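Coordinates in review
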Amino acid sequence: FDMVEIRNIQDAAARTAALQSGQVDAINRLDARTVNLLMKDPKLNIVRTKGTGNRYCFVSRVTEKPFDNKDLRLALKYGIDREQIIKSVYNGFATPGNDHTLDALNPFYNTEMRQRKYDPDKAAFHFKKAGLGDTKIELQASEGAWNTAVDCATIFQQSLKKAKINLDVKKVAADGYWDNVWLKVPFCAVYWGRRPTADQVMSQVYGGNSDWNDSNWRVPAFDAIVKEARAELDPKKRKEMYWKCQEMIADDGGMICFAITDYLDGFSKKVMGTEPHARYDMNDNRIAEKGWFA
């Protein structure tokens, strides 16, 4: 049988160069800022899965000051220019996040919930209401979270200035980020991959008993709805419950989910079996199983 070799090339430019030169046959997580050029390369096949990719977030732990203040959390949610990040960093290959991690292709996505948009006036209103004066907010970000996390944080910092909110972006080491920063510091960059069910999203990302609840937002009333929805056989009632859950997270939680990217995979033209897959990139992370050489 043929052996499949999987390499880890962290640097996006080096990974792309390896694909273009033929050193590797397939790569994932193409740089959205250069993918249009790759689409013109006759030797390559670029596969795009729209709106189901990674959910990029800045997450505050609601049990730690000053993020225990709901008005501060709302100020930060209104103070991020999602569209500018999507345009500048993701070259349009993303959709705005609405401060929870379900995407629009999930059957339980709340289609009636208003998309939160950049509003520096509302951000300033809630920040003033929070009574924090000129308190500087620190956000820790790193390429260890994802390769453009610091770029996103810098745009966030600029957009908050219009609301007269001072954000200090602290760039931290990539090495050990998930051990030393995530779940440890009050405010940091994080991404979440797609989960197959709404129940898994609600339980793992926001559940009161979850070790991965990175906002530390633990609300018994929320857990009760999730538990009830899990056992509800009426699809309409279950949908109403999950819609309520999304509203609770977006209104009160510590997560600023600002973008859900498209999956962008690059393949040599000789690789077959490369259709898009909504759950994960690289054909649900199974290209080595599903693919073949022409």
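Residues numbered from 1 in each chain as written. Predicted model: local features only at pLDDT ≥ 70, side-chain atom pairs only at ≥ 80, totals over all residues. Heavy atoms only, no water.

Considerations on the pattern of salt bridges
Stated precisely, the cut-off is as follows: Criterion for a salt bridge: a side-chain nitrogen of Lys or Arg within 4 Å of a carboxyl oxygen of Asp or Glu. Three labels apply to residues, based on accessible area from a 1.4 Å probe with only protein chains included: buried if under 20% of the type maximum, exposed if over 50%, partly exposed otherwise in between. A run of H or I in DSSP becomes a helix once it reaches four residues, and a run of E becomes a strand once it reaches two; helices and strands are each numbered from the N terminus.
For the structure on display, the rule yields 17 salt bridges. Of the charged contacts in the structure, one is a salt bridge between glutamate 64 and arginine 61, with a shortest N-O distance of 3.7 Å. On the basis of relative accessibility, which here comes to 11%, the residue arginine 61 falls in the buried class. Arginine 73 is the partner of aspartate 252 in a salt bridge, and the nearest nitrogen-oxygen pair spans 3.1 Å. Here arginine 73 lies in helix α3 (residues 70–78) and aspartate 252 lies in helix α10 (residues 235–252), a separation of 179 residues in the sequence. Residue arginine 73 is classed as buried on the basis of its relative accessible area, which comes to 7%. Among the charged side chains, a salt-bridge network with shared partners connects Asp31, Arg33 and Asp151.

Points about unusual backbone geometry
The linkage connecting lysine 65 with the following residue, proline 66, adopts the cis geometry, with an omega of -5 degrees. Mapped onto the fold, proline 66 is located in the loop between β3 (55–60) and α3. The phi dihedral of methionine 282 is positive, around 55 degrees, even though this residue is not glycine. As for its position among the elements, methionine 282 is in helix α11 (residues 281–285). Look at methionine 282 and you get buried, because its relative accessible area is 11%.

Examining the nonpolar core
Worth spelling out the cut-off: Only buried residues count toward a nonpolar core, which is a set of Ala, Val, Leu, Ile, Met, Phe, Trp, Tyr and Cys residues joined through side-chain atoms within 4.5 Å. Every residue pair with non-hydrogen atoms within 4.5 Å of one another is taken to be in contact.
Residues Phe58, Tyr90, Trp146, Phe156, Phe187 and Phe222 are the most contacted members of the largest nonpolar core, which totals 83 residues. Sorting elements by how many residues they give to this core places helix α6 (residues 149–161) first, with seven residues. In this structure, tryptophan 146 is in contact with Tyr56, Cys57, Phe58, Tyr90, Cys152, Ala189, Val190, Tyr191 and Phe258, ignoring residues within four places of it in sequence. Core analysis: the second largest hydrophobic core is formed by five residues, Val47, Phe267, Val271 and Met282 among them.

Observations concerning the packing of helix α8 (residues 198–206) against α10
What counts is decided by this rule: Note on definitions: angles span 0 to 180 degrees between N-to-C directions of axes, and those axes are lines fitted to C-alpha atoms, for helices only across the stretch in contact. The cut-offs work like this: below 35 degrees is roughly parallel, past 145 is roughly antiparallel, 65 to 115 is roughly perpendicular, and the gaps in between are oblique. Crossings are assigned a handedness: left-handed for a near helix turned anticlockwise from the far helix by less than a right angle, right-handed for a clockwise turn.
Following both chains from N to C, one finds α8 and α10 inclined at 30 degrees, their axes separated by 11 Å at the closest point. Here α10 runs roughly parallel to α8, going by the angle between their axes. When the axes of α8 and α10 are compared, the crossing they make is left-handed. On the side of α8, the interface is formed by Ala198, Asp199, Met202 and Tyr206, while α10 contributes Tyr242, Cys245, Gln246 and Ile249.

A look at the sheet that holds strand β9 (residues 263–268)
For clarity, the cut-off: Strand pairing requires that DSSP identify at least two bridges connecting the strands.
The strand order β1-β9-β2 describes an open sheet built from three strands, whose pairing is antiparallel. Looking at the sheet topology across the chains shown, the edges are occupied by β1 (26–27) and β2 (44–49). Bridging between β1 and β9 involves two bridges; their strand directions are antiparallel. Note on β9: the bridge partner recorded for isoleucine 27 is glycine 266.

Details of α6
Given 3.6 residues per helical turn, the α-helix brings residues three or four places apart onto the same face. Stated precisely, the cut-off is as follows: For a helix, the expected span equals 1.5 Å multiplied by the number of residues minus one.
Given a rise of 1.5 Å per residue, 13 residues ought to cover 18 Å, and the 19 Å separating the end C-alpha atoms of α6 matches this to within 8%. Buried residues of α6: Ala149, Val150, Cys152, Ala153, Ile155, Phe156, Gln157, Ser159 and Leu160, and no others.

Considering the packing of aromatic side chains
To keep things clear, this is the line we draw: A pair of aromatic rings is counted whenever rings of Phe, Tyr or Trp (Trp by its six-membered ring) have centres within 6.5 Å, and the orientation is called stacked for planes under 30 degrees apart, edge-to-face for over 60 and tilted otherwise. Both a distance and an angle decide whether a charge sits over a ring: NZ of Lys or CZ of Arg must be within 6 Å of the ring centre and within 35 degrees of the ring normal.
In total, this model carries 17 aromatic pairs according to the counting rule given. The interplanar angle of 75 degrees and the centroid separation of 5.9 Å between the aromatic rings of tryptophan 182 and tryptophan 212 together place this pair among those described as edge-to-face. Separated by 30 residues along the polypeptide, tryptophan 182 in the loop between α7 (177–180) and β7 (187–192) and tryptophan 212 in the loop between α8 and α9 (220–231) bring together distant segments of the chain. An aromatic cluster is defined as three or more aromatic residues linked by ring pairs; in this entry it consists of Tyr56, Phe58, Tyr90, Trp146, Phe156, Tyr177, Trp178, Trp182, Tyr191, Trp192, Trp212 and Phe258. Against the face of tyrosine 78 rests arginine 116, its NZ or CZ located 5.1 Å from the ring centre.

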